[in-house]
Structure formats: C-alpha cells, structure tokens
Amino acid sequence: MIKKENLFSHSTCICLSILLIYLLGFEQKLDRICLTYFSLIFLGRFTFFRIFFGIWFVIAALYLPVGFYYGPPNVAVISAITETDIDEMTEFCSQLPSYFYFVPLILILFFIILFKKFSFPKTTNRYLIIFVLGLCCYKPIKIIAQYRPNTFSSITYSFLKNIKYPILEFSLAFYESTKIYLTEKQLQLKQIEQTNSIPIVSVNPKHKTYIIIIGESVRKDYMSAYGFKYDNTPFARNHASVIWDGLITPAPNTQSSIPHLISQSIFSEEKKVNAQLNNNIVSIANDAGFETYWLSNQGKLGAIEITVPRIAAYAKHSFYTKKGEYNGKSSRGKHDTLLLPELDNIVSTEDNKPKLIVMHLIGSHSNFCRRLEFKVQFDLNNKNISCYVSSIKETDDLIAQTINILKKHNQDYSVVYFADHGLAHADQYNDLRHNPNYQDSYRVPFIFFDSDKSSQQKINKQISGFQLVYLLSNWMGVKLDVKHDYMQNELSEIPEQQNIKVKDWDNNKLYQFNKLKNDPNPFN
C-alpha cells in the first residue's frame, strides 16, 4: 500500500511517466507507463539516475515539436535532421503553433528544478521488484519463444526491442532509423551508377511532354470510367483518349508492383521473377535525351520505401512532399495536390528537350478517410468505402487539374494513369485491404489522355503489367532493341495475353492469375 505522505510523490511519478511517453512520440500504453513509473520510483532517489532521468526529460522536451509531427524516431526524422536546409527548417518552424516555441522551454526549466529538488519515493518491496522484472521480461521472452532466434546477438536484440520502455525504445529506434537511412542512401547511390543496358534503336517522340501518373490502391471496378454506378471519375470517363480495361499488375502491393511496372523484369527457369531496376522508364528516358522529373507524395526514404526511391533516384530532377515515411505523422495535410505547383513550374519552363514527368500519388492508400483533402463526396452507407470512392474522385480531379496546367502552358502532351495495385474486401465488406489471394487486388485502371485526342477509344484486352516498361517506352516514341508485343505494336494492336502470372509480396515466385479467387464489388 502507498502511504498517504507518499501519495503525492507516486502521483507525480505516474504523471511524469505519461508525459515522457507523449514527449518522445510514443502511444500511451499501460506497460510503457508502468515500466517508466517503476524505473522512477526504484531508481530516482539515486544521484546518478536522477541526473540520467533529468537529461532524458530535457531531451524529450526538445523533441516535442518533432515527436508531435513525426512520432518516435524513424527515417523521416533522420532524413529531416541530415537533409533539411535553412529554407526548409524555416518553413517547418513557421508552420508550428506558437506554443511549440515556449512549451519546450517551460518544460526544460520545470524538469531541471524537479529533478534537482523533488524527493522521489523509496521502494524496496521485493515482491514488487519481482513483478516489475516479470512485466519487463514477459513479452520479450514470449516473442523469443515464438520466433526462436538462433544466435546470441539476435536473441539479445529481440529481447531489448520488445521491452516497452520509452527511453530504450527511443534509443533503439534512433539507431535503427539511422542505420536504414545510411544503408539506403548508399544503395541508392550505387544503384544509379548502373545505367540502362537496353539498347535504344530510335527516338521519335510524338509529343513534347509525357506524364506518367501512378495512382495508389485503386481497383478499376470502383471507377465510373469502368462502369461503377457512382460517378467518381467524370473527367476520365469523358476526356480520356484511351480507356484500357484489362491491365493486371504484377503484385498486390506498392513496393513489389511498381518496380516491375516501370522496370524490366527478368524471368528465371525456377518460375521466379526479379526487377532489373537500372532498366527503368526513367533511365531509358535519360538515355533517349528526355529531361526527367519525379514528383512524389509518397516517402523518399523509409523502412518500407526502398525499391521505388531507388528508381526515382535516376530522375534528373525530383520533388518530394515528405522525406521520410510515406504514412507517418509528417504526412498530415500532405495531399496529392501539393504536386501541382511543382508541375506548373516544370511545364512553364521553356526547353527544347522532350520531358518525362512521373507523378507518384498517395491516392487511395489506407486509411482512406485520412487521404481526403475535401469532404466525403459519396455516401455508400459505409464510412471506409465512402471515403475510398471519394478518394478516387479526388484523383480524377487531380488528373483534370494536371491536364489544365498542360493546356495553360500550351503543351503538346500525352498523359497515362494507372494504379500500382488494387485491393480486396475485408471485415464483411466494411473495408478494403491488401490481399494476394484475389484477382481484384491486381485489376487496375489504365487510362491515356492526349492533347490531339479526336474520339475516345476503349480497349478490352487482358494484359500483364510485367514488361509494361516496353509499352511505356513505345508510347514515348523510344524504340528498344527487344522483341515483345508491347514494343512491336501500337496500343490498339497489342494482342490479348493468356496465362498471365502474378506474384505476391513475400517472394518472387509466380502464380497463375486466373486461379485466384474473385472479389466482386457489392456496391456496384
């Protein structure tokens, strides 16, 4: 039992525990609060640990503005620390609420006084100590028993990583994120040293500006351009030059699919496939004499964002709305329309070279409601699905705005839009998620817009997203020395493909697409 005279000091320690967790950017969880509280009541009375805790609370106070927007240390934080220039720092500071300027200073002063004067409670209860040790060790031991790491270092790392003590978690997260950042930066630099190795036969672009818009998580049967009963793609439905019904993406998630959509795929006899990243549409365009641009509303570098940024690094010019994780706290308010001013700047510049501009959208990524810049535009009596359908409408609006920018600057253009993958229904049709077991996770839109459009053409042919880089090269007027239907035929003459194969996100093994299950749209 806690004595009455110690009630205040114990309450203070509980409040300090909750505050530390918040300041370091972590979620408030009972085990975190308990471990922090127990560390304070067991160790706070010793001078060394009083100083140790004081230093960490001061660090936490200084981290408050970063933790609020970015969460605990991740690659976004590390990239912001290492890459942010004075202008970006000024912009970041100017967006902070005024209280972020004085609250950390007040907290620092408060912590210095507290850890100098405060009398921490003394606890020597051996049963409580045993309980705390059990609380610390239960989850790490459970995970070690489940996954059975087989080396001392892996066992130690797994044990430490799963102790929910915020100071330890913060330190490990900072170390891991720094390691990922440095490793990926080095790999990107090495990657771009390998240039396109596909011989170019001829270059004869029909247009001055080519734009590839890569959407996110859009299955075509949720678009009115493909017959969906809610009119969420009026621009594409009315103004597209070609609406292709039948593109099957290589994989059901971004990092597995995009490299194969815009890079050459190498197939092996073991029925596996690998992406030849150096032979991508950007490196091909570079060799063909195009000025290349990559505009992205997805992360530049992160624990998940790996292969796509390596391809993007080939672009001569790049623009990212966020430097780190695609979906962290730093993505708040970062909507796809932020790419449009940069696009306007690019096409307003006079240049004799043809341009290739890749726009990588966050689009309809889950959480769907968080992606919306404006209010939900459709009511399907289901919040998640209503937001999903509305997010597709916002992408359609963005395509319309893209075309308007091109027209404003009298550009001779061709624009293609496709999504990286689809989704499958979950939670009794209350949500949509990644799922490699359904065909609709691979069925995506494939739509063209041309400045010289005369009448709309609809093509109903099933084709594979593997080697789409050949089709895109041919579309740009770049003839490659390869024998493939995508390179040897115009769009309307490409034959339908049989026995299309796809891969999941766990490995490079290929599976028969037509053997996957169907996931019909119940809202159509």
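Look a little higher up for the structure.
Here the structure is a predicted model, which is why all the values come from computation and not from measurement.

Colleague: What is the right way to look at the packing of aromatic side chains in this model?
Modeller: The relation between two aromatic rings is expressed through the spacing of the ring centres and the mutual angle of the planes. For the coordinates displayed, the defined rule picks out 27 aromatic pairs. Each ring, one from Phe49 and one from Phe52, has its centre 6.4 Å from the other, and the planes form 80°; the classification is edge-to-face. Of the two residues, Phe49 and Phe52 both sit in helix H3 (residues 47-70), three residues apart, roughly one turn of that helix. What makes Phe52 partly exposed here is its relative accessible area of 29%. Seen from their ring centres, Phe57 and Phe111 are 5.0 Å apart, and the 65° between their planes marks the pair as edge-to-face. Of this pair, Phe57 sits in helix H3 while Phe111 sits in helix H6 (residues 99-117); the two residues are 54 residues apart in sequence, bridging distant segments of the chain. For Phe57, a relative accessible area of 1% corresponds to the buried category. Since its relative accessible area comes to 0%, Phe111 is described here as buried. Here a set of aromatic residues connected by ring pairs shows up, and it is made of Tyr210, Trp244, Phe290, Phe418, Phe446, Phe448 and Trp475.

Colleague: What exactly am I supposed to notice about the side chain of Asp336 here?
Modeller: As for its placement among the helices and strands, Asp336 is situated in the loop between strand E7 (317-320) and helix H14 (339-347). Using a relative accessible area of 12% as the deciding quantity, one classes Asp336 as buried. Within the structure, the side chain of Asp336 is placed 2.9 Å from the backbone nitrogen of Ile362, a separation counted as a polar contact. Here Asp336 is in contact with Asn297, Leu361, Ile362, Gly363 and Leu398, once residues within four sequence places are set aside.

Conventions adopted
- Residues numbered from 1 in each chain as written.
- Predicted model: local features only at pLDDT ≥ 70, side-chain atom pairs only at ≥ 80, totals over all residues.
- Heavy atoms only, no water.
- Phe/Tyr/Trp six-rings, centres within 6.5 Å; stacked < 30°, edge-to-face > 60°.
- Helix = DSSP H or I, 4+ residues; strand = E, 2+ residues; numbered from the N terminus.
- Buried < 20%, exposed > 50% of the residue type's maximum accessible area, 1.4 Å probe, protein only.
- Polar contact = N/O pair within 3.5 Å; in protein donor to acceptor, adjacent residues only side chain to side chain.
- Contact = heavy atoms within 4.5 Å.

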